[in-house]
Amino acid sequence: MLAAIVALWRGFVGRCPVCGRGRMFRSFYTLIEGCALCGRRYEGMGNQNTGAMGISVTLTTLLGFIGGFLLVLYVPDQLVLGLVCLFVLLTIFHAIFYRLARGLWIGLLSITGAMDEDERRDEFFL
Ligand SMILES: [Zn+2]
């Protein structure tokens with residue numbers, strides 16, 4: 001259990017979920033193909049961005065509902081301005097959190113063994 005939490009945390013902060021020392025991103029959004037230290041591939045043939053986008057969109061939508069509810073509850077007379085500010089904040093949040101969600105998703109794939117299956121599928125088809 002602790003190893004799974006450590007792997008998720010490493011992915012969340014952009015480190016290799018296996019060794020914890022290698023970097024996962026070349027720039028803010030550009031994923032490195034694999035860990036330079038342990039050789040773990042981060043992306044196989046499958047589109048693994050979908051899971052990260054799912055995490056990010058779900059959390060952003062949840063925050064949007066909470067923010068909208070708080071706006072209606074506390075500032076109903078300035079609702080349009082509040083919604084514009086909320087929209088801008090959620091857009092910025094989503095743009096930043098997507099990278100973290102991508103690392104988290106790769107950590108999740110690593111602890112479930114799904115990345116190994118991707119590599120075996122790559123060997124089979126290539
Ligand atoms: Zn590594």
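Residues numbered from 1 in each chain as written. Predicted model: local features only at pLDDT ≥ 70, side-chain atom pairs only at ≥ 80, totals over all residues.

Engineer: Which residues make up the overall build of the protein, and what are the values?
Structural biologist: Summing up its helical and strand segments, the protein has four helices and zero strands in all. Secondary structure elements in the protein, listed N-terminal to C-terminal, are α-α-α-α. Out of the 126 residues belonging to the protein, those deemed buried represent 21%. Of the contacts made within the protein by residues no fewer than 6 positions apart, 55% connect residues no fewer than 24 positions apart. (Helix = DSSP H or I, 4+ residues; strand = E, 2+ residues; numbered from the N terminus. Buried ≥ 20, exposed ≤ 12 C-beta atoms within 10 Å, placed from the backbone. Contact = placed C-beta atoms within 7 Å.)

Engineer: An account of the nonpolar core is needed here, citing residue identities and associated values.
Structural biologist: In this structure, Met24, Trp105, Ile106 and Leu109 are the most contacted members of the largest nonpolar core, which totals 13 residues. With residues near it in sequence (within four places) discarded, Met24 still touches Gly14, Arg15, Cys16, Leu31, Ile32, Tyr42, Gly103 and Ile106. (Core = buried A, V, L, I, M, F, W, Y, C linked by C-beta atoms within 7 Å.)

Engineer: Please provide a residue-by-residue account of the packing of helix α2 (residues 49-74) against helix α3 (residues 79-112), values included.
Structural biologist: At a minimum axis separation of 8 Å, α2 and α3 run at an interaxial angle of 155 degrees. As the angle between them shows, α2 and α3 are arranged roughly antiparallel. For α2 against α3, the interelement crossing comes out right-handed. Its residues assigned to classes, the contact of α2 with α3 shows 16 nonpolar, nine polar and one charged. (Axes fitted to C-alpha atoms, helices over the stretch in contact; angles between N-to-C directions. Parallel < 35°, antiparallel > 145°, perpendicular 65-115°, else oblique. Left-handed = near helix turned anticlockwise from the far one by under 90°. Nonpolar A, V, L, I, M, F, W, Y, C, P; charged D, E, K, R; others polar.)

Engineer: With reference to specific residues and values, describe the environment of Asp116.
Structural biologist: You can see Asp116 is positioned in helix α4 (residues 114-125). The class for Asp116 is partly exposed, based on 14 C-beta atoms found within 10 Å. Note: C-alpha distance between Asp116 and Arg40 (76 residues apart in sequence) is 9.2 Å.

Engineer: Before we move on, could you go through the confidence of the model for the protein and cite the residues and values that matter?
Structural biologist: Here the protein averages 88 in pLDDT, and 89% of its residues register 70 or above. Ranking the elements of the protein by mean pLDDT puts α4 last with 65 and α2 first with 94. (pLDDT = per-residue confidence, 0-100.)

Engineer: Describe α3, and please don't skip the residues or the numbers.
Structural biologist: The sharpest bend along α3 measures roughly 35 degrees and falls at Phe97. Within α3, burial applies to Arg99, Ala101, Arg102, Gly103, Leu104, Trp105, Ile106, Gly107, Leu108, Leu109 and Ser110. Gly113 occupies a position one or two residues after α3 and carries a positive phi of about 85 degrees. (Bend = angle between axes of the 7 residues up to and from the residue.)

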